[in-house]
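Overview (structure and organization)
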Amino acid sequence: MAEYMEAHGDGAVEETAELSDEEEEEEQWTEDSPPVSCLFCHRLLSSVALTVQHCTAEHHLNLVEIIRKHCLDDYGYIKMINFIRSTKCNPSCLTGLPDAPLPWDDEDFLRPVLQDDPLLQTDPEELCGMEGSCLLSGSQPHDALLHRAQAAEERARQSEEALARALHDLHKLKLLAQGLVLNAETSRSSNLGAVAELREDEDEAYFSSYGHYGIHEEMLKDKVRTESYRDFMYSNPEVFKDKVVLDVGCGTGILAMFAAKAGAKKVVAVDQSEIIYQAIDIVRSNQLDDKITLIKGRIEDIKLPVEKVDVIISEWMGYFLLFESMLDSVLYARDSYLADGGSVYPDICNISLAAVGDAQKHQDRIAFWDDVYGFSMACMKNAVVPEAVVEVVKAETLISEPTVIQTIDCNSVCQSQLEFVSDFSLKITNTTHCTGRSCGEKSLSIKTRMIPACCGSPLISKTRSRLTASSNVSHGGVHLI
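Keep in mind it's a predicted model, so treat the numbers as computed, not measured.

A few words on the side chain of Asp117. Here Asp117 lies in the loop between helix H6 (92-95) and helix H7 (124-135). At 3.1 Å, the side chain of Asp117 forms a polar contact with the backbone nitrogen of Leu119.

Structural data, given as structure tokens:
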């Protein structure tokens, strides 16, 4: 509106420079340009440009000089216009004002005195740009055209900068949306691990489960896991300083923010579930959006905005380490994006077993089926015994020393090694009935620093572990597929 009014005013001045004031106003009056009331008299003029010219010629007050002298921004300009209209002050009162305070500093002067006042709809910067073209005489048409051309060039430059910013924002939105588009075009290889072998409906259910807030609350409140990651990153800043970090399955973005705080130059965080949208808000509210880029999609399906990364971090571990874990996705990210000399963290993971003697748990889950309201349902034991239970194992119920049955090095392990058979033996430390095996999911080693992320050992703080009810055993084999 302001630019259009400026162009209209310029043309009108040039075409009617030799007309009388009355004829000039009549010639320039159009329905699209409402009349502008003079600030100091009852005169109505057909444009803002003519009003500025009129105030300078008739009332000896150059509004542009006032704006420039006091460095008025949009709000200051609006206050000045409303101050003049409301107080009906003399133009001479405005020429000798000190730099501060100004008489229109009160916020009350933001309220318009005239509704739809064209002067209030004009940008003060554009008003200053009008000065040359509107106030030059008709004897200087060449200079006036040159001034207008320079003003137009400046506006074009500002528009190009605004367009560049808009394109940058659009690129960010594209990164968020590309996962949704690529998911319809890309299918994964059939020889990948546990998550890759899920049927399409199971795959959707798997990622959907991580879109619920409860599971993320549970993981964040798991202090053993979360503080282990935090302490490793904060205690080893040299691993992350000025590095490009990839967070696979970022969830709420907690690990990505740890990495950023530890000194990472850039963090790319990827997650397929709907929690990514909350992660975006979380990152922004912590003023880390200049370092962290979040992308919705599966790491196998999307293209990262970087060629290589220096560090990959992920909280990928499932129950008993590998059950519904994201390790196959982490290995794909490692093979596709990790730079030479880069590292995956956690790097070393252990699966441990310990014998459990918990008579009360055996009674509640196994012996319970012998008498259910006077009926025998003993056949249910065959289905119940192989079924794992996720529980916190009481230290006093452990009746053997824990033993490590498998160690996984995330920097070198391949998919085929995740299917294994492991013989084990347990050293019994207490005489009682063995009612189950406690499968401590893992303890994690990061650069020789032991991080107990999830284990059934009584020496470890309470965290998520897996207890499997079974018959009496002191040695045997475990087959994980």
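Here we come to helix H11 (residues 223-235). Residue pairs three or four apart in sequence face the same way in an α-helix, which turns once every 3.6 residues. Taking 1.5 Å as the rise per residue, H11 with 13 residues should run 18 Å; its terminal C-alpha atoms sit 17 Å apart, in good agreement. For H11, the set of buried residues is Val224, Arg225, Thr226, Ser228, Tyr229, Phe232 and Met233.

Pairing within the open sheet is parallel, and its five strands lie in the order E5-E4-E3-E6-E7. If you trace the sheet from one side to the other, it starts and ends with strand E5 (292-296) and strand E7 (338-345), each paired once. Taking each pair of neighbouring strands and ignoring which way they run, the sheet shows an average axis angle of 20°. Relative to strand E4 (residues 266-271), strand E3 (residues 244-248) runs parallel, the two sharing five bridges. Bridged to Val248 within E4 is Val270. Relative to the sheet, helix H15 (residues 327-337) contacts E3, strand E6 (309-313) and E7, its axis offset from that of E7 by approximately 160°.

By size, the foremost hydrophobic cluster in this structure holds 66 residues, and its most contacted members are Met233, Phe240, Leu246, Ile292, Leu304 and Trp316. If you tally residues by element for this core, the top one is helix H13 (residues 254-261), at six residues. Setting aside its immediate chain neighbours within four residues, Ile292 contacts Ala256, Met257, Ala260, Val267, Ala269 and Val283. Residues Val36, Leu39, Ile66 and Phe83 belong to the second largest nonpolar core, which totals 30 residues.

Glancing now at the packing of aromatic side chains. Applying the stated rule across the entire model yields six aromatic pairs. For the pair Phe232 and Phe240, a centre-to-centre distance of 5.9 Å together with 70° between the ring planes defines the contact as edge-to-face. Taking 5.7 Å as the distance between ring centres and 80° as the angle between the ring planes, the aromatic pair formed by Tyr234 and Phe258 counts as edge-to-face. Highlighted residues: Tyr234 in helix H11 and Phe258 in helix H13, separated in sequence by 24 residues. For Tyr234, a relative accessible area of 41% translates into the label partly exposed.

Quick look at unusual backbone geometry now. Of note, the amide linkage connecting Tyr345 to Pro346 takes the cis form, showing an omega dihedral of 0°. Residue position: Pro346 is located in the loop between E7 and strand E8 (348-356). One non-glycine residue, Asp116, adopts positive backbone phi at about 55°. By the secondary structure assignment, Asp116 is in the loop between H6 and H7. When its relative accessible area of 62% is taken as the criterion, Asp116 is described as exposed. Unlike most non-glycine residues, Gln287 shows phi in positive territory, near 55°.

Rules used throughout
Residues numbered from 1 in each chain as written. Predicted model: local features only at pLDDT ≥ 70, side-chain atom pairs only at ≥ 80, totals over all residues. Heavy atoms only, no water. Helix = DSSP H or I, 4+ residues; strand = E, 2+ residues; numbered from the N terminus. Polar contact = N/O pair within 3.5 Å; in protein donor to acceptor, adjacent residues only side chain to side chain. Expected span 1.5 Å × (residues − 1). Buried < 20%, exposed > 50% of the residue type's maximum accessible area, 1.4 Å probe, protein only. Pairing = 2+ DSSP bridges. Axes fitted to C-alpha atoms, helices over the stretch in contact; angles between N-to-C directions. Contact = heavy atoms within 4.5 Å. Core = buried A, V, L, I, M, F, W, Y, C linked by side-chain atoms within 4.5 Å. Phe/Tyr/Trp six-rings, centres within 6.5 Å; stacked < 30°, edge-to-face > 60°.

Any functional reading would require information beyond the geometric quantities listed.
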